[in-house]
Amino acid sequence: MKLSGVRENYYFHSGKVSDIIRQMALAGVALIWVFKAEVQGQSRIPNDLMPAAVLIVLGITLDFLQYVSGTLMWAIWARKLEKESKQDDDSVALPDWINYPALVFFWTKIPTIVAAYVIFICFFWAKLR
């Protein structure tokens, strides 16, 4: 397999993971909405679901920061190359650090959303008993 094929597979799978995590986060918001209760005329999230709500907001924020950090790192690198008068067709070596911030957010959002779903499962399990 060529390196281009390896990269293509990586981009495909990481993109799918991001899509699924985003969908899980939005579905989590819907689940919390379903189980909210009216208390004295105000909507309240059950205390047992509050940690899941916080994790979902954190997961969505991490998803956003992944793309913001990637945009920022690539913009900084492109500007540096422009200042060095590099041309569009020039071959350039990429620095090791270029994807680190985005990868940190990518690999952090996954367990964050999974943890929210563990809380949901525990909540539903307790309701079934």
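Our subject is the structure that appears above.
Bear in mind that the values here come from a model prediction, so they are computed numbers and not experimental data. (Residues numbered from 1 in each chain as written. Predicted model: local features only at pLDDT ≥ 70, side-chain atom pairs only at ≥ 80, totals over all residues. Heavy atoms only, no water.)

*Asks:* Just to check I follow, could you spell out the environment of Ile 113 for this structure?
*Replies:* With respect to the element layout, Ile 113 can be found in helix 3 (residues 100–128). When its relative accessible area of 0% is taken as the criterion, Ile 113 is described as buried. With 55 residues separating them in the primary sequence, Ile 113 and Leu 58 have C-alpha atoms 8.4 Å apart. For Ile 113, the residues in contact, after removing those within four places along its chain, are Ile 21, Met 24, Ala 25, Leu 55, Ile 56 and Gly 59. (Helix = DSSP H or I, 4+ residues; strand = E, 2+ residues; numbered from the N terminus. Buried < 20%, exposed > 50% of the residue type's maximum accessible area, 1.4 Å probe, protein only. Contact = heavy atoms within 4.5 Å.)

*Asks:* Before we go on, may I ask you to explain the side chain of Lys 109 in this structure?
*Replies:* By the element assignment, Lys 109 lies in helix 3. A polar atom in the side chain of Lys 109 sits 2.8 Å from the side chain of Ser 18. If sequence neighbours within four positions are ignored, Lys 109 has contacts with Ser 18, Ile 21, Gly 59, Leu 62, Asp 63, Gln 66 and Tyr 67. (Polar contact = N/O pair within 3.5 Å; in protein donor to acceptor, adjacent residues only side chain to side chain.)

*Asks:* Teacher, can you tell me more about the side chain of Thr 112 here?
*Replies:* For Thr 112, the location among the structural elements is in helix 3. Given the relative accessible area of 8%, Thr 112 is considered buried.

*Asks:* Whenever I open this one, a nonpolar patch on the surface confuses me. Can you help?
*Replies:* Taken together, the side chains of Leu 72, Ile 76, Trp 97 and Tyr 100 present a nonpolar region at the surface, about 410 Å² in accessible area. Tracing the sequence through the fold places Leu 72 in helix 2 (residues 50–83). On the basis of relative accessibility, which here comes to 46%, the residue Leu 72 falls in the partly exposed class. (Patch = residues over 30% accessible without salt bridge, like charges linked within 9 Å, V, L, I, M, F, W, Y side chains within 5 Å. Areas by Shrake-Rupley, 256 points an atom, 1.4 Å probe, with all protein chains shown as cover. Salt bridge = Lys/Arg side-chain N within 4 Å of Asp/Glu carboxyl O.)

*Asks:* I keep staring at the pattern of salt bridges and nothing clicks. Help me out?
*Replies:* Between side chains of opposite charge, pairing is possible as soon as their charged atoms come close. Scanning the entire structure with this criterion turns up six salt bridges. Taking the shortest distance from any N to any O, the salt bridge between Arg 22 and Asp 19 comes out at 3.2 Å. Of this pair, Arg 22 and Asp 19 both sit in helix 1 (residues 3–35), three residues apart, roughly one helical turn. A relative accessible area of 30% places Arg 22 in the partly exposed class. For Asp 19, a relative accessible area of 34% puts it in the partly exposed group. A salt bridge links Asp 63 to Arg 22; the nearest nitrogen and oxygen atoms lie 2.7 Å apart. Pair noted here: Asp 63 is in helix 2 and Arg 22 is in helix 1, with a separation of 41 residues, a long-range link. One continuous salt-bridge network, built from bridges that share partners, spans Asp 19, Arg 22, Asp 63 and Lys 109.

*Asks:* For this particular structure, what's the right way to read helix 2?
*Replies:* Helical periodicity: at 3.6 residues per turn, an α-helix aligns residues three or four positions apart in one direction. In a regular helix each residue adds 1.5 Å, so 34 residues correspond to 50 Å; helix 2 covers 49 Å between its end C-alpha atoms and thus fits that length. Considered for burial, the residues of helix 2 that qualify are Ala 52, Ala 53, Ile 56, Gly 59, Leu 62, Asp 63, Gln 66, Ser 69, Gly 70, Met 73, Trp 77 and Leu 81. Lining the buried residues of helix 2 we find helix 1 and helix 3. Positive backbone phi, at 60°, marks Ser 85, one or two positions downstream of helix 2. (Expected span 1.5 Å × (residues − 1).)

*Asks:* Can you walk me through helix 1 in this structure?
*Replies:* Taking 1.5 Å per residue, 33 residues should reach 48 Å; helix 1 reaches 48 Å between its end C-alpha atoms and fits that length. Residues of helix 1 that are buried in the fold lie against helix 2 and helix 3.

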